[in-house]
Amino acid sequence: MTKAVQIWVIAETDGERLHEVTIEALGDAREQADRVRGSVSVAAFGAVGEAIIAQLGRYGADRVLLSAGGSEQARSAERAAGVLALALAKETPRLILVGATSFGRDLASRLAAARKLSFASNCNWVKIAPDGSVEAARLVYGGRLYARVRLTSAPALASLRPGAAGVGKPAPRQPEMGTLPALAEVPVRVEHVALVKADPRTVDITEAERIVAVGRGIGSHDSLPLYQRLADRLGASMAASRPLVDAGWLQFERQVGQTGRVVSPRLYLAAGISGASHHTLGMKTSECVVAINRDKNAEIFKLADLKVACDLETLLPALLEKLEAKRAA
Amino acid sequence: MRIAVCVKQVLDSGVPLRVVDGVVRQEAPWPIAHLGAADRAALEEGLKLAGKLAGVVTAISAGQEAAAAALRFCLARGAGRAVQVARGDDLDPVATALAVSDLLAGGSFGLVLCGGESGDGGSGRFPAELAARLDWPLVTAVAAVTLDSDGLKLERRIERGDREVVRCGLPAVLAVDPILAEARYVSVRARRVAANEPIDLFRGEVSGVDVIGDELIALEPAKPRPKRTSGPAAGLSAMDRLAHAITGGVQQKQSGGFVEGPPATVAAEILRFLEERGFTGERRG
Amino acid sequence: MTSPIGRQILGNVPAWLQVAMYVATLGACAVAAAKVIAQVRRWRRGGVEERLLPLADRLRDFARRALAQRDIGERDRLAGVMHAMIFWGFAVLFLATVLTFVDHDLGIHILHGPFYLFFAFVVDLFGVLFVAGLLLAIYRRYVVQLHKLGYGRPGDAAALGFLLLVGVTGFWLEGARIAVTGWPGYERLSFGGWISALLMSPFVPANDWHGVHRALWGLHVVTITGLFASLPFTRLIHMFATPANILVRARPLGALRPVHGDAPPRAALESFTWKQLLELDACTSCGRCSAACPATTAGKPLSPMLIIQHLREHMSGERHDTRILGGVVQPDELWSCTTCGACEETCPVAINHIDRIVDLRRVLTDQGEIQSTAARAMESMLGKGNLWDYAPSERARWAERLGVRVLRDGEPCETIYWTGCAGSYDEQARKVSESVVALLQRAGVTFGVLGPREGCSGDFARRLGEEGLFQELSRRNVETIRTHGVKRIITHCPHCLNTFLKEYDLDGVEIVHHSVLLEGLVREGRLRPTRGTAQRVTYHDPCYLGRYNGVFDDPRTALGAIPQVELKEMPRSRERSFCCGGGGGQVLVDVKAGERVPNVRFAEAEALGVDVIATACPFCKIMLAPVPAERGLEGKIVVKDVAELLAEACV
């Protein structure tokens, strides 16, 4: 590669699919590169299939650098950071982008320390200014203040907040292939033992990605198994408002609200919940709220992304039926 | 075994902030600050492990009054020793890590715990920098710690409630997640008593630190964000990206009307909505 | 010259038996005395009780409780009568025996002539009452098995048994004496003995009463000796401990014992005061406290009587637990308490249950053994001056919106409306603040509200056992009040009211609850409630306003002034009001057992048939307001503050 400005994107993948945040970062990098007439290289680890390489090409990767290794090795941010540290001894991109996921954050802080890089974490945006300097913007102080920083090291390192960039337009091309040092070449001190996947039925609701929450509006106790089925279909965890927990329908660990737990899932489906403040205090940071309530004046609708005014007793069987049909398809 | 816990006092996250002449000020009748949630968890776990290993916890904080306050709290909670690394009250995690690593290297410590992300900057640089300088293994996002025959067995918190189990030897640096340990209440009486306990001072100004080069250009209040959705934003123009920059990079909420009608129709609409946002497929790995 | 009418004493009793009697009696007294002294030593292991109530109050209390014993009969007429019969019966019999000794051993011959006739009758009358009272007690405890008496103590049966035997053998003995002395006619006045003699006579062999008399005499001595010796080992020790306890009353309801100093609180007998240890023996396990306790009624682990009794057993070495916390008393028992004061109010022997519970909570809290909701709330009180982690800058927003004068730092103001945490931040309670302010403005009352510097009064902090936090909060608040030169504080919340009145150092500042002030404004005609709709209203007395501070009538009068309001009384009202379940920090902790306390109270109101439950405390409203919706009565029964109802009526 001879183009002056290089932007590297670090890919996160499970081997079959790219993490959405990689696509976001790639789109962002592509847009930056186009402006400064640079190129985009993507670093990927482990067993990366053709489909992924094609997808990377589709979203604008000029070059894909592969570091060979097994899927377990690829999971180790320590290894990945070590590989990149070795690679950076030979090449100097202008900017390195990674998604601020658990893997990305781990990798970025290690790489920054290993190579003494300027680093901005969890950014809303990162851009290369016309004079070649790198600027980034991020929320600090728990999201209350907005900081703009200039990153002066070469390369500069930044992690992008998932969802901040959004998936960009496709800019398809056939990427060049390159290699990085193999994952096994890096000595590591932290040994992977096992991966324990969360079971939506048992995971703590404060960590659950998706929640189906029930309130008094669901009617009788007999309807509860239906909601559990709905939760199972959606890969969601059950939660409840206080009255149901007090009545013993669900355990206290599943109570959402001021005197219960505070949750912030990606999906919060509130069925039959009115949305009094002591409840919403426990779920208002949910990313996407679907509220189903017969009463259009219910407070919960103020927080809802999808407002459904329908009778739950008739709706739920219909919804389950549609979900089963989709699954079968 | 000597266990070190590195803490930092941060401004409370629920109190509004202003920026006056480039300095961050709270809108409150008195300063409201305390240890961040991750630091609290680090302290609790450090004390628990010290209890199991008949060890002593040394609390470390860098800075001036804020650091002293943080250390007095740690003493009140039960730390055996407190060391204040004398520095200006700045936010630079790298220089702080250098100073602290000097302190730790000479002190025969077996384990260092610190919050993975502080309550203000939240970069996670400090533990990584510390581990790099000490050349000790680093484990991040620690959610559970078990003592093993030859080191530590740890659970790491990754996305969506999943856990990765890893192993490493001692000495080590652990960057902890707040769920590692529940913060135990410390009574005002204990805090009062601890205010009289001694705090050791350690020189903290370090020379010759590599200039890493993060320059703060501007600091201003964040605009209130419209509600985020989790779906992809298709076909955004440069103008939209600029709008993102101003509003904090989030997408507009779908402000729509009510979905109503016969159950089958409503169910179909709900399904479509969930599909669009990727909630009907399998969880992404 | 002595009259032939008189009491023959010890006539038929041989000398050796008399000597034996004196020896035995002295021996029994010595045993009893030793036990009493041992108990007193145990009480004295306790710490200093700093301040007792004024002597005049204590003497008055003594006269009422220990002598007139009115409290016993107050909630249980039969028990009052029963105890009076036993108490006065025993007293008279005892006095009679003393007079007998005086007459015989000291040679002052009083038991002769007309006095003796009077004496004979009265003593027998009281003897019959004594026995009847005991039979009634036995009936209640062992036949009916009254639930509230459920706690049986070792020696219960012995105590009742010995007392009854003393009474019965006394009559038999008297009968035998009458027979031995030849059935003198005037002894008919000793009707108990006379009848006993008649009943015994068929069984007396060959009319030889002498042997019978001696035997009964010996038996009576044995029962008396047994009674005296065993007395302090059974619940009868309350004969000493209870009057003593009443005489040393220390705490009025609502003023908890402050603790100073840096030493961590400990859960040990020595950490209680000597009066608290004395109280343990003063308790007669009558069970009224537990019967009145809202937590017990709702099925929570707490039973106030059991806490006292278990500690008593621990003090007397009757338990094998070595630890108080987690052994003698479980934390959940302590956390169930709402500090409503029903136990203290109903206790006939003036025991302070609440102080004891809070003392033990202090240990748990200091060790951090509290629920995370309470911990969060206390951190919030300390850092932000409110219970729910809201920013201080938001505290007076509600007032700013209504154009109320919000004081700047140091701005002087004579009258302030102390809104409290609930009134400032909670949406239910805020409606009350808004109503109060509207009424004050309408009546032309000049007042201001403190802004972010109004901090939590610390009532919950202290009740949950965080004494250091309470003292810090009160220090800040007193300073704020003084800096603004405040002379009168109108409180929204009875908890703030109580702690300001009894636990803060606010000399020279008048403190009044909004319901009292509003009633005054109505009375003066500055507020005219003219608009009303037909509604059936019941007033729920908040514990901290009613029982704690004697305000019962003002809110009712205010409600009564609203047109078309029909006021109904719940069975448990005024001093007997049943707690809403929110006091003592219960909005911040939760012991999941039994029913929820507010549900119990709500059922009582529902049974009355009302449209509105009126109250005068924001926490009562917070606790009760969600219940109608949970019971499917949304809109049919509402919970409103007196101020809200008045505001609706004053257009």
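Thresholds applied
Residues numbered from 1 in each chain as written. Chains lettered and ligands numbered in written order. Predicted model: local features only at pLDDT ≥ 70, side-chain atom pairs only at ≥ 80, totals over all residues. Heavy atoms only, no water. Helix = DSSP H or I, 4+ residues; strand = E, 2+ residues; numbered from the N terminus. Buried < 20%, exposed > 50% of the residue type's maximum accessible area, 1.4 Å probe, protein only. Contact = heavy atoms within 4.5 Å. Areas by Shrake-Rupley, 256 points an atom, 1.4 Å probe, with all protein chains shown as cover. Lys, Arg positive; Asp, Glu negative; His and termini not counted. Charge placed at Lys NZ, Arg CZ, Asp CG, Glu CD. Pairing = 2+ DSSP bridges. Axes fitted to C-alpha atoms, helices over the stretch in contact; angles between N-to-C directions. Domains from an automatic or database assignment. Buried area = accessible area lost by both parts, 1.4 Å probe. Salt bridge = Lys/Arg side-chain N within 4 Å of Asp/Glu carboxyl O. Polar contact = N/O pair within 3.5 Å; in protein donor to acceptor, adjacent residues only side chain to side chain. Nonpolar A, V, L, I, M, F, W, Y, C, P; charged D, E, K, R; others polar. Parallel < 35°, antiparallel > 145°, perpendicular 65-115°, else oblique. Left-handed = near helix turned anticlockwise from the far one by under 90°. Expected span 1.5 Å × (residues − 1). Patch = residues over 30% accessible without salt bridge, like charges linked within 9 Å, V, L, I, M, F, W, Y side chains within 5 Å.

### Section: the overall build of chain A
Broken down by element type, chain A carries nine helices and 15 strands. Expressed along its principal axes, the backbone C-alpha trace of chain A runs to roughly 70 × 40 × 40 Å. When burial is assessed residue by residue, chain A has 60% of its 329 residues classed as buried. For chain A, the proportion of contacts with a sequence separation of at least 24, taken over those separated by at least 6, is 65%. By element, 50% of the accessible surface of chain A is carried by carbon and sulfur atoms, the whole surface being about 12500 Å². Computed over 42 positive and 35 negative side-chain charges, the inter-centroid distance for chain A is 5 Å.

### Re the sheet that holds strand S11 (residues 210–214) of chain A
The strands making up a sheet are joined through hydrogen bonds of the backbone, oriented either antiparallel or parallel. Read from one edge of the open sheet, six strands run S12(A)-S11(A)-S13(A)-S14(A)-S15(A)-S15(B), paired in parallel fashion. The open sheet is flanked by strand S12 (237–240) of chain A together with strand S15 (258–259) of chain B, the only strands paired with a single partner. As paired strands, S11 of chain A and S12 of chain A are joined by four bridges and run parallel to one another. Across the sheet, residue Ile211 of chain A finds its bridge partner in S12 of chain A, namely Ser237 of chain A. This element, helix H6 (residues 224–234) of chain A, spans S11, S12 and strand S13 (267–271) of chain A of the sheet and lies at about 165° to S11 of chain A.

### So, the domain arrangement of chain A
On domain assignment, one finds that chain A holds domain 1 (6–185) and domain 2 (210–328). In this structure, domain 1 of chain A and domain 2 of chain A have C-alpha centres spaced 37 Å apart.

### A word on the interface of chain B and chain C
With 19 residues of chain B at the contact, the number on the chain C side is 28 residues. Each partner contributes to the roughly 2000 Å² buried at the junction of chain B and chain C, and carbon and sulfur atoms together form 51% of this total. When residues of chain B are sorted by the area they lose upon contact with chain C, Trp30, Tyr185 and Arg189 of chain B head the list and together hold 37% of the total. Summed over the shared surface of chain B and chain C, the result is six salt bridges. Inspection of the chain B/chain C interface yields 12 residue pairs in polar contact (both at pLDDT 80 or more). Split by residue class, the side of chain B that touches chain C holds nine nonpolar, two polar and eight charged.

### Focus: the packing of helix H3 (residues 93–105) of chain B against helix H4 (residues 125–134) of chain B
Residue and element names in this part refer to chain B. Two numbers describe how H3 lies on H4: the axes approach to 8 Å, and their chain directions differ by 45°. By the angle between their directions, the pair H3 and H4 is classed as oblique. Regarding H3 and H4, the two cross each other, and that crossing is right-handed. Across the interface between the two elements, Pro93, Val94, Thr96, Ala97, Leu98, Val100, Ser101, Leu104 and Ala105 from H3 touch Arg125, Phe126, Glu129, Leu130, Arg133 and Leu134 from H4.

### A word on the interface of chain A and chain B
Listed as interface residues are 90 residues of chain A and, on the opposing side, 97 residues of chain B. Buried surface at the junction of chain A and chain B, summed over both partners, amounts to about 8300 Å²; 53% is from carbon and sulfur atoms. Looking only at chain A, the three residues that lose the most surface to chain B are Tyr141, Arg144 and Glu207 of chain A, adding up to 9% of its buried area. Seen at the junction of chain A and chain B, the total is 10 salt bridges. Our count for the contact surface shared by chain A and chain B stands at 27 residue pairs in polar contact (both at pLDDT 80 or more). The class makeup of the residues in the side of chain A that touches chain B is 41 nonpolar, 18 polar and 31 charged. Pairing analysis gives five bridges linking strand S10 (residues 191–196) of chain A to strand S11 (residues 163–168) of chain B, with the strands arranged antiparallel. By the bridge assignment, Val196 of chain A is partnered in S11 of chain B with Arg163 of chain B.

### Structural notes on helix H4 (residues 77–105) of chain C
When the terminal C-alpha atoms of H4 of chain C are compared, their 41 Å separation across 29 residues agrees well with the 42 Å that a helix rising 1.5 Å per residue should span. Among the residues trailing H4 of chain C, Gly107 of chain C stands out with phi positive, at a value near 75°.

### With respect to the environment of Ala194 of chain B
All names here are of chain B. Mapped onto the elements, Ala194 comes out in helix H5 (residues 188–194). Owing to a relative accessible area of 1%, Ala194 belongs among the buried residues under this scheme. A sequence separation of 191 residues divides Ala194 from Ile3, and the C-alpha atoms of the two residues are 20 Å apart. Ignoring any residue separated from it by four or fewer positions in sequence, one finds Ala194 in contact with Arg72, Leu75 and Ala76.

### Description of the domain arrangement of chain C
Residue and element names in this part refer to chain C. Domain annotation of chain C identifies domain 1 (15–245), domain 2 (251–366), domain 3 (380–521) and domain 4 (528–649). Each of domain 1 and domain 2 has a C-alpha centre, and the two are 32 Å apart. Counting from both sides, the interface comprises 29 residues of domain 1 and, opposite them, 37 residues of domain 2. Both sides of the domain 1 and domain 2 interface together cover about 3000 Å² of buried area, and 48% of this is carbon and sulfur. Sorting the residues of domain 1 by area buried against domain 2 places Glu49, Tyr151 and Asn245 first, and these three jointly supply 24% of that buried surface. Counting across the domain 1 and domain 2 interface gives three salt bridges. Across the pair Arg75 and Glu345 runs a salt bridge whose closest N-O atoms are separated by 3.1 Å. At the surface where domain 1 touches domain 2, the tally comes to 21 residue pairs in polar contact (both at pLDDT 80 or more). Residue assignment for the side of domain 1 that touches domain 2 shows that the elements contributing at least two residues are helix H1 (15–44), helix H3 (70–74) and helix H9 (238–247). Residues belonging to the side of domain 1 that touches domain 2 are distributed by class as follows: 11 nonpolar, six polar and 12 charged.

### Side note on a nonpolar patch on the surface
Residues Met1, Leu53, Leu147 and Leu170 of chain B make up a contiguous nonpolar surface patch of about 280 Å² in total accessible area. Looking at the secondary structure, you find Leu53 of chain B in helix H1 (residues 37–53).

### Remarks on the pattern of salt bridges
Think of it this way: side chains of opposite charge can pair up when their charged atoms draw near. Counted according to the given criterion, the structure contains 98 salt bridges over all chains. In this structure, Glu31 of chain A and Arg35 of chain A form a salt bridge, with 4.0 Å as the shortest nitrogen-oxygen distance. Of this pair, Glu31 of chain A and Arg35 of chain A both sit in helix H1 (residues 20–36), four residues apart, roughly one helical turn. You can call Glu31 of chain A partly exposed: its relative accessible area is 27%. One salt bridge in this structure joins Arg556 of chain C and Asp541 of chain C, with 2.7 Å as the shortest N-O distance. Of the two residues, Arg556 of chain C sits in helix H25 (residues 553–560) while Asp541 of chain C sits in the loop between strand S6 (535–539) and H25, which places them 15 residues apart along the sequence.

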